[in-house]
Amino acid sequence: MATHAKYGGVVPELASREHLRAIVPAVRLALEQSSTRLEDLTAIAVTQGPGLVGSLLVGITYAKALALVHKLPLIAVNHIEGHIHAVASQNPVEFPALALVVSGGHTHLYEVLYGFVYRLLGKTRDDAAGEAFDKVAKLLGFGYPGGPVVDALAPHGDPRAIHFTLAKMKGNTLDFSFSGIKTAVLRWVESHDLQQEIAKRKALLAVNHRPTIDEWLEVTPRTTLDLLASFQHTVIEELLRRAARSAEQIGARSMIISGGVACNSGLRAAAAASHFPYPVFFPAPGLSTDNAAMIAAAAFPKFIRGDFADLTLRADPNLSLSP
Ligand code: KG4
Ligand code: ZN
């Protein structure tokens, strides 16, 4: 985060360099903390895609080397399937389930059938929801990533202060669009003379990588807090409205909401307040953003089936989860 924050987002070349630097010590530490030796493992699972090709390549090359040297089977995992398993492995999910995967790169709705068979029902046509959080935060001088800061500040504003229109989708009405609200926030900022307060926040970030909420509140007037609260409220409404409609359409017996944006406390509260006729499951906080445990969980059913990859496995930056 410290590497990317300076640039207001993930820089692909820096990300792969950091992966290269971190992968050996991270695996060593994981083995040490779980009192496990490489010889004790039964398989090696690795993310095949989707994602940034440089980072995927580091993981795949290292996983292949470990599998080859230790004569272990190799299992290729889809990153999105990982997010779904971050929830499914910890909760009594019943099928069919509706999965909303909402992160910095995805805003996708899937039907999940018994045996983890997926059907794509809708997706974003432009920005992912997490990307909208990140872009709005960057525009207002809050740095990167934007989701956690907006989440923490939104309760200090009035979510009904500014009315943003909800996206109307032609064609597949289960698709999302977040470019409209992003532009609406930009217009609002342009017409409200915020340069001075934005400069103050950037100055704060320059001397302090991780300001506390009180420090942010000191440089964020009420009108901007209202803007953040209204923005977040609208995004949550877009997400839950389409998730609920999809769930109804497939006769869902449970709902899974996963990915980085699933950390959002406003989203969690709104889902609880909706009283859907099926349980809604969120990942445990530590499993919401990208992590390795969810990749291992998604690999487990493949391990049971003997669905193994070989050394010809290649990174696929656009790997999809369903046709
Ligand atoms: O799943 P993830 O860790 O990485 C991707 O695969 O993209 O998700 C990262 C995204 C970022 O856009 C970040 O701003 C967003 O998740 N995020 C949040 C929150 N925490 C992280 N968005 C809203 N509220 C949060 N509390
Ligand atoms: Zn992710």
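Heads up: these notes are all about the structure in this document. Please read these numbers as outputs of a predicted model, since none were measured by experiment.

Some details on the pattern of salt bridges
At step 1: Taken as a whole, this structure holds 15 salt bridges when the rule is applied.
At step 2: One salt bridge in this structure joins E18 and R21, with 3.0 Å as the shortest N-O distance. Of this pair, E18 and R21 both sit in helix 2 (residues 12-33), three residues apart, which is roughly one turn of the helix.
At step 3: Its relative accessible area of 24% is what places E18 among the partly exposed residues.
At step 4: A relative accessible area of 54% places R21 in the exposed class.
At step 5: A salt bridge links K302 to E81, with the nearest nitrogen and oxygen atoms 3.6 Å apart. One end of the pair, K302, is in helix 12 (residues 293-305); the other, E81, is in helix 4 (residues 79-88), and 221 residues separate them in sequence. With respect to burial, K302 and E81 carry one shared label: buried.
At step 6: The network of salt bridges with common partners includes D127, E131, K135 and K182.

Things to note about the coordination of the zinc ion (ligand 2)
At step 1: Those donors, H79 (NE2), H83 (NE2) and D290 (OD), are the protein atoms that reach the zinc ion (ligand 2), and they lie 2.0 to 2.2 Å from it.
At step 2: Considered as a linear motif, the donors of the zinc ion (ligand 2) on their single chain read H-x3-H-x206-D. With H79 in helix 4 and D290 in the loop between strand 7 (280-281) and helix 12, the pair connects residues that are 211 residues apart, well separated along the chain.
At step 3: For H79, a relative accessible area of 14% translates into the label buried.

Here we look at the site of ligand 1
At step 1: Close to ligand 1 lie 18 residues, the nearest being G104, D134, D151, N264 and D290.
At step 2: At 2.9 Å from an oxygen atom of ligand 1 is found a main-chain nitrogen or oxygen belonging to G104.
At step 3: When ligand 1 is considered free in solution it has 560 Å² of accessible area, and contact with the protein chains removes 87% of it.
At step 4: Residue assignment for the shell around ligand 1 shows that the elements contributing at least two residues are helix 4, helix 5 (129-139) and helix 6 (146-153).
At step 5: In terms of residues, the shell around ligand 1 owes the most to one element, helix 6, which gives four residues.
At step 6: By residue class, the composition of the shell around ligand 1 is four nonpolar, eleven polar and three charged.

Considering unusual backbone geometry
At step 1: A cis amide bond links G49 with the next residue in sequence, P50, at an omega value of -5°.
At step 2: If you trace the backbone, P50 turns up in the loop between strand 1 (44-49) and helix 3 (53-70).
At step 3: The peptide bond linking F95 to P96 adopts the cis configuration, its omega dihedral lying at -5°.
At step 4: Inspection of the secondary structure assignment puts P96 in the loop between helix 4 and strand 3 (97-102).
At step 5: For D193, which is not glycine, the phi torsion reads 50° and is therefore positive.
At step 6: A relative accessible area of 68% places D193 in the exposed class.

Some remarks on the packing of aromatic side chains
By convention here, two paired aromatic rings are described through the distance between centres and the angle between planes.
At step 1: In the structure shown here, the tally under the stated rule is eight aromatic pairs.
At step 2: Seen in terms of ring centroids, F95 and F116 are 5.5 Å apart; in terms of plane orientation they differ by 85°. Their pairing is edge-to-face. With F95 in the loop between helix 4 and strand 3 and F116 in the loop between strand 4 (107-113) and strand 5 (117-123), this pair connects stretches of sequence that are 21 residues apart.
At step 3: Ring geometry for F133 versus F231: centroids 5.3 Å apart, planes at 80°, classification edge-to-face.

Reading the values: the criteria
Residues numbered from 1 in each chain as written. Chains lettered and ligands numbered in written order. Predicted model: local features only at pLDDT ≥ 70, side-chain atom pairs only at ≥ 80, totals over all residues. Heavy atoms only, no water. Salt bridge = Lys/Arg side-chain N within 4 Å of Asp/Glu carboxyl O. Helix = DSSP H or I, 4+ residues; strand = E, 2+ residues; numbered from the N terminus. Buried < 20%, exposed > 50% of the residue type's maximum accessible area, 1.4 Å probe, protein only. Donors = N, O, S within 2.8 Å, 3.2 Å for Na, K, Ca; no water. Near = heavy atom within 4 Å. Polar contact = N/O pair within 3.5 Å; in protein donor to acceptor, adjacent residues only side chain to side chain. Areas by Shrake-Rupley, 256 points an atom, 1.4 Å probe, with all protein chains shown as cover. Nonpolar A, V, L, I, M, F, W, Y, C, P; charged D, E, K, R; others polar. Phe/Tyr/Trp six-rings, centres within 6.5 Å; stacked < 30°, edge-to-face > 60°.

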